[in-house]
Amino acid sequence: MPPLKGGPARSLLCLLAVLAFLVGAVNAAGPVAASTGASDVDDFYQYPSQEMLARTSPGEILASEPMTVSSDLQNASSQAVRIMYRSIGLHGSPIAVTGFLLLPRGDTPPGGWPVTAWGHGTTGVGPVCAPSRLANLYPYSDQYAETDAIVRLLQDGYAVVGTDYPGLGFPDTLANFPQADLESRAVIDSVLAAHQLSPHLARQWFAVGHSQGAAAVLRVGQNAARWAPGLLFLGTVALAPPSHFNEILDDMAAAQPPVNPGLAALGAYVAVGAHLYSPRIRYTDVLVPELAAQIPVVKRLCENELTIYLTNVQLNGIVNPDWASNPTLRRFVDTLEPATDRSTRPVLLLQGGQDQTVPAATTTALNTQLCGFGDVVDYRVYPDADHESVLSAADKDMAAWMRDRLQGHQAPSTCPPVQPAT
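First, a word on scope: everything that follows refers to the structure included in this document.

### So, unusual backbone geometry
The step from F177 to P178 runs through a cis peptide bond, and the omega angle for that step is -20°. By the secondary structure assignment, P178 is in the loop between β5 (159-163) and α6 (180-197). Note the cis peptide between P257 and P258, where omega equals -5°. Within the element layout of this structure, P258 appears in the loop between α8 (245-253) and α9 (261-277).

### Remarks on the state of the cysteines
Summed over all chains, the structure comprises two disulfides. In this model C371 forms its disulfide with C415; the gap between the sulfur atoms is 1.9 Å. On the sign convention where negative is left-handed, the bridge of C371 and C415, at about -80° about the S-S bond, is left-handed. One end of the pair, C371, is in helix α15 (residues 360-373); the other, C415, is in the segment after α17 (395-406), and 44 residues separate them in sequence. Of the residues examined, C415 reaches a relative accessible area of 16% and is grouped as buried. For the protein chain, the bonded cysteines connect in the pattern 1-2, 3-4 when numbered consecutively along the sequence.

### Section: the environment of T56
Along the chain, T56 falls in the loop between α3 (50-54) and β1 (61-66). A residue is classified by how much of its surface remains accessible, and T56, at 10% relative accessible area, is buried. The sequence separation of T56 and S87 amounts to 31 residues, and the corresponding C-alpha distance is 9.4 Å. Reaching out from T56, the side chain makes a polar contact with the backbone oxygen of L53 at a distance of 2.8 Å.

### Notes on the pairing of strand β8 (residues 347-352)
Taken residue by residue, a regular strand's side chains alternate between the two faces of the sheet. Taking burial as the measure, the six residues of β8 include six buried ones, the bulk of the element. Taking every second residue as pointing to the same face, both faces of β8 are buried, with V347, L349 and Q351 on one and L348, L350 and G352 on the other. Strand direction decides the pairing type here: strand β7 (residues 232-239) and β8, joined by four bridges, are parallel. Bridged to T236 within β8 is V347.

### Examining the pattern of salt bridges
Proximity of charged atoms lets side chains of opposite charge pair with each other. Inspection of every chain in the model, using the stated rule, returns seven salt bridges. Across the pair R380 and D378 runs a salt bridge, and its minimum N-O distance is 2.7 Å. Residue R380 is classed as partly exposed on the basis of its relative accessible area of 24%.

### What about the sheet that holds β1?
Strand order across the open sheet formed by nine strands is β1-β2-β3-β5-β4-β6-β7-β8-β9, with mixed pairing between neighbours. Taken across any chain shown, the strands that pair with only one partner, and hence form the sheet edges, are β1 and β9 (377-382). With direction set aside, neighbouring strand axes in the sheet form an average angle of 20°. Sheet analysis places β8 next to β9, joined by six bridges and oriented parallel. Bridging from a neighbouring strand, Q351 pairs with V381 of β9.

### Things to note about the side chain of D285
Within the fold, D285 resides in helix α10 (residues 283-286). For D285, a relative accessible area of 11% puts it in the buried group. Polar contacts involving the side chain of D285 include one to the side chain of N326, which spans 3.3 Å.

### Describing the packing of aromatic side chains
Evaluated as defined, the whole model comprises eight aromatic pairs. A centroid spacing of 6.4 Å and a plane angle of 75° characterise the contact between Y45 and F170, whose relative ring orientation is edge-to-face. Of this pair, Y45 sits in the loop between α2 (41-44) and α3 while F170 sits in the loop between β5 and α6, and the two are 125 residues apart along the sequence. Residue Y45 shares its accessibility class with F170, and that shared class is buried. Arranged with centres 4.8 Å apart and planes meeting at 75°, the rings of Y47 and F170 form a pair that is edge-to-face. With a gap of 123 residues between them, Y47 in the loop between α2 and α3 and F170 in the loop between β5 and α6 connect regions that are remote in the sequence. Judged by its relative accessible area of 35%, Y47 is partly exposed. The ring of Y45 carries the charged tip of R133 above its face, separated from the ring centre by 4.1 Å. It is R405 that lies over the ring of W401; its NZ or CZ is 5.0 Å from the centre.

### Things to note about the pairing of strand β6 (residues 201-210)
Of all the ten residues making up β6, eight are buried; the element is thus mostly covered by neighbouring parts of the structure. Both strand β4 (residues 113-119) and β6 contribute to a ladder of six bridges, which runs parallel. In the strand pairing of β6, V115 is matched with W205. As defined by bridge partners, β6 adjoins β7 across seven bridges and the pair is classed as parallel. By the bridge assignment for β7, V208 is matched with V237. What joins β6 to β7 is helix α7 (residues 212-227), and the crossover it makes is right-handed.

### Digging into the nonpolar core
Counting 48 residues, the largest nonpolar core has L287, L291, L306, I318, L329 and F332 as the members making the most contacts within it. When contributions to this core are tallied by element, the ones reaching two or more residues are α8, α9, α10, α11 (289-292), α12 (295-298), α13 (303-310) and α14 (327-334). Residues within four places of I318 in sequence aside, it is in contact with M252, A255, V259, N260, L263, A264, G267, V286, L287, V288 and L291. Counting residues in each nonpolar core, the second largest holds 41 residues, with A194, A214, V220 and A224 among its members.

Scoring rules and cut-offs
Residues numbered from 1 in each chain as written. Predicted model: local features only at pLDDT ≥ 70, side-chain atom pairs only at ≥ 80, totals over all residues. Heavy atoms only, no water. Helix = DSSP H or I, 4+ residues; strand = E, 2+ residues; numbered from the N terminus. Disulfide = S-S within 2.5 Å. Buried < 20%, exposed > 50% of the residue type's maximum accessible area, 1.4 Å probe, protein only. Polar contact = N/O pair within 3.5 Å; in protein donor to acceptor, adjacent residues only side chain to side chain. Pairing = 2+ DSSP bridges. Salt bridge = Lys/Arg side-chain N within 4 Å of Asp/Glu carboxyl O. Axes fitted to C-alpha atoms, helices over the stretch in contact; angles between N-to-C directions. Phe/Tyr/Trp six-rings, centres within 6.5 Å; stacked < 30°, edge-to-face > 60°. Lys NZ or Arg CZ within 6 Å of the ring centre and 35° of its normal. Right-handed = clockwise from strand over helix to strand, strands pointing away. Core = buried A, V, L, I, M, F, W, Y, C linked by side-chain atoms within 4.5 Å. Contact = heavy atoms within 4.5 Å.

See below:
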């Protein structure tokens, strides 16, 4: 598989929701936070008017309501809230994004709970694939790796805010898959939104992501100080981030029958994101014709369902071998890279040695790139872990690394020493 996880105008209601959260959250174990009065999940996902969005700032809360979460998440959290907030989309346009906020159990520590902004792995591009719509925060009940990671963060005393990414959640919208620039802005704005909603959060925060989400959070370190200057960003934890997307598409273009349906599903999601980036990019510019013909289904099904569906489609390939001849498509592919400049804060880069989705060699090349930017990178490979199990394999190291950053210890680096100029 490829280097991706293969695995409105309601301002009065919004004000009431924020007030309800502030009153209900005086004690961290107190009443469930913020209610907009929505009794059905679908009622929450009403896209606000452009006039309303134009009057708001990035990270401003547009709506919120209590959400029902799985038993494991419920046992680890005192508050579970579905949120809608303002962010920035393509070409700088204001957009609404949805997500969730979870607060840990126990008494609020002095200064508040430190915050982890969670970047989720690939779920799909359609509305129903948004984590905030789902009690397990992931579309499939048999895939608990990401849910378990969020539980552990809560148990370690972190408030967790998660973005659905631009386009996921709202009816009649599609995700800008997998554009790290837009997703990283949504991650940062989700932290601003969390602080607007709860008075029990500390200024200190981390960005933690897996797979697609790892690519998104790697961009956060470049812009956190500029986009959230009132907060204190402490570092990035990236687990199995995809990178080198030109090579990914070339590999997909070289795929021979029988085609891996999981690979085809992810290639099709990339085509959806490319067409959203520019309607001048046709689906057939990205995909072979027989896969491009499946786009209506691709827009509707989340990742596992789409993979199953494509097992019954006769495919002789995935990506158009001439994809690189389209300059607009090449520019789109450039937006997918997880890092383009130096991070202002340290990076913990984690990888499974048995990962068949994001190969260790790809992340090793990314590590070299990050070191070249001048990043402080602690790169660790877990030889027996795959794409999912790296989340549990790295748990203790991740917890210790984050704790050390909170305590102000200098971050270690596995990058080679910089040689003095001669």
